[in-house]
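# Architecture at a glance
Here is what each chain is made of, one letter per residue.
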Amino acid sequence: MDFHFTEEQRAIQDMARDFAGNEFAPHAEVWDRDHIFPEDALRKAAELGLAGIYVGEDVGGSELSRLDSAMIFEELAKGCTSTAAYLSIHNMATWMIDHFGSEILRQKYCPKMTRMDWFGSYCLTEPGAGSDAASLRTKAVRDGDHYVVNGAKAFISGGGRSEVYVVMLRTGEPGPKGISCLVIDKDAPGLSFGAQEKKLGWHSQPTCVVNFEDCRVPVENLVGAEGDGFKIAMKGLDGGRLNIGACSLGAAQACLDLTVAYMADRKQFGKPLTAFQALQFRIADMATELEAARLLLHKAAMKVDEKAPDATPFAAMAKRLATDTGFKVVNEALQLHGGYGYVQDYPIERYLRDVRVHQILEGTNEIMRVIISRSILG
C-alpha cells in the first residue's frame, strides 16, 4: 500500500488545480447565473488532455489512470462543480467509444471528442426507466444497413448541444441481455430535443430529453456486439461514479477551505468563530469524513484500473460515501456561514445546489446500496 502520489501525479494535480483556479473559478458565478455552457473553457481543458483522460493516445487521449482522473476531477470541481461534472460525462462517452467501439468508430469520433471539436453525451435514463435501467424501452430495429430507432432519453447532460450521443437501446429480448449501444450523431434524421430542463443546480450545462422518431443510424455505429450494451453501460458507470464522487469531494473541500477562512475572520461575542470549541469540533469532523471518503474513492479507482473482480461494488461504495459526505460537508459549511451561506454573495449556496444531484445520478445512492449488498449477500 502506498498513500503517496508520484511526482507525475502531483504535477497532474497541480495542473488541474491551476486550470480550475484560472479558467473555471473566476467565471463560475456568471455561468451559473446566466446558464452559460462554457464551450471555450471546456476546449481549453481539452488542450490539456482533459477531454480524454483515460482514452488512447492514438486518438488524442491522455491514457491516464482512474486514480489520476479522480485527482483531476476533485480539483476541477473546486473551480466549477457543474462544468467539471459535464466534463466527466463527456469523458465517459468518449471512453466507451474508444474502449468498446470498432477502429472505424474510434478514428471517426474520438479525435474530435478529445479535442472537444465535438461534445459528447451519455444516454441511458428514460422517462420510465431510471433506477431500473434494464427495463429501458427505446428500441432499435435493423433495416438493411441501418437501425431505425424510436423512443426517448431523459435528463441528458449536453442534450441539444452535443454532437455525439452514446445511446443504450433495445435490439433484442427484454432485460439486460437485449440492450445494445449505438453512437448517434446530432444531425441524424429523426433525432430531436425537448425543452431545456429548469434545474436546481448544474446551470452551466444544458439538460433535456432526447427524442428518436424513426431515427436512422448506420449499423457501423454499433458499439461492441448486439446485446453488449448493458455491460458497456455498467462499465462506463464504474468510472463515472468515481468521477462524480471526486466532484463532490472537490466541492466539499472548497467549501471547507472557505469556511475555515470565514470563521477566522468572523467575530461573535468578541471572539473569532475559530475560538469556539463546538465549531472547532465540527471542522474536525468535516475534515475527517472528507479524508475517509477520499481514501475509499482512491482505493476504488485503483481497483477499476486493475479490473479487480470487486471493482464494481467498490466503485458503488465510493460513490455512495463520497456524494453523501460531500453534500453533508457543503451543507455544514453553509450552516457555519450562517445567513451569509444562504445568499449568492458567497459561493456556498451554488456548491450546495450543484452537489445535491450527485446523490441521484450515475445510479442513485439507494441503487449503490443494492449493488453493494448483492456483492456481499449474493
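Sequence order sets the numbering: in each chain, residues are counted from 1 along the sequence as written. A pLDDT threshold of at least 70 governs which residues receive local features in this predicted model, and a stricter bar of 80 or more applies before side-chain atom pairs are shown or counted, although totals over entire chains, interfaces and linings include all residues. Hydrogens and water are ignored here; the side-chain numbers use all heavy atoms of the structure.

Here we take up the packing of aromatic side chains. Here a Phe, Tyr or Trp ring, Trp counted by its six-membered ring, pairs with any other such ring whose centre lies within 6.5 Å, and the pair is stacked when the planes are under 30 degrees apart, edge-to-face when over 60, and tilted otherwise. Using the criterion set out here, one finds twelve aromatic pairs in the structure. On the numbers, 5.5 Å between centres and 50 degrees between planes, the contact of Tyr340 with Tyr346 is tilted. Assessed through its relative accessible area of 37%, Tyr340 is described here as partly exposed. Taken together, the ring pairs connect Phe19, Phe24 and Trp31 into an aromatic cluster. Remark: a charge is flagged as sitting over a ring if the NZ atom of Lys or the CZ atom of Arg is within 6 Å of the ring centre and within 35 degrees of the ring normal. The ring of Tyr351 is capped by Arg350, whose NZ or CZ atom sits 5.3 Å from the centre of that ring. The ring of Phe327 has Arg356 sitting right over it, with the charged end atom 5.6 Å from the ring centre. Summary of the burial criterion: residues with accessible area below 20% of their type's maximum are buried, those above 50% are exposed, and those between are partly exposed, where the area comes from a 1.4 Å probe applied to protein chains only.

This next bit is on the pattern of salt bridges. What counts as a salt bridge is simple: a side-chain nitrogen of Lys or Arg found within 4 Å of a carboxyl oxygen of Asp or Glu. Using the criterion set out here, one finds 24 salt bridges in the structure. Of the charged contacts, one joins Arg161 and Glu39 as a salt bridge, the two residues approaching to 2.6 Å between their closest N and O atoms. Residue Arg161 is found in the loop between strand E3 (146-157) and strand E4 (164-170), and its partner Glu39 is found in helix H3 (residues 39-47); the two are separated by 122 residues along the sequence. The buried category is assigned to Arg161, whose relative accessible area is 19%. In this structure, Lys78 and Glu75 form a salt bridge, with 3.3 Å as the shortest nitrogen-oxygen distance. Here Glu75 and Lys78 lie together in helix H4 (residues 66-79), a separation of three residues that amounts to about one turn. Secondary structure follows DSSP: runs of H or I at least 4 residues long count as helices, runs of E at least 2 residues long count as strands, and numbering of each begins at the N terminus.

With that settled, the discussion passes to the pairing of strand E7 (residues 207-218). Strand pairing requires that DSSP identify at least two bridges connecting the strands. With nine bridges joining them, E3 and E7 adopt antiparallel strand pairing. Note on E7: the bridge partner recorded for Gly151 is Phe212.

Geometry only, nothing functional implied.
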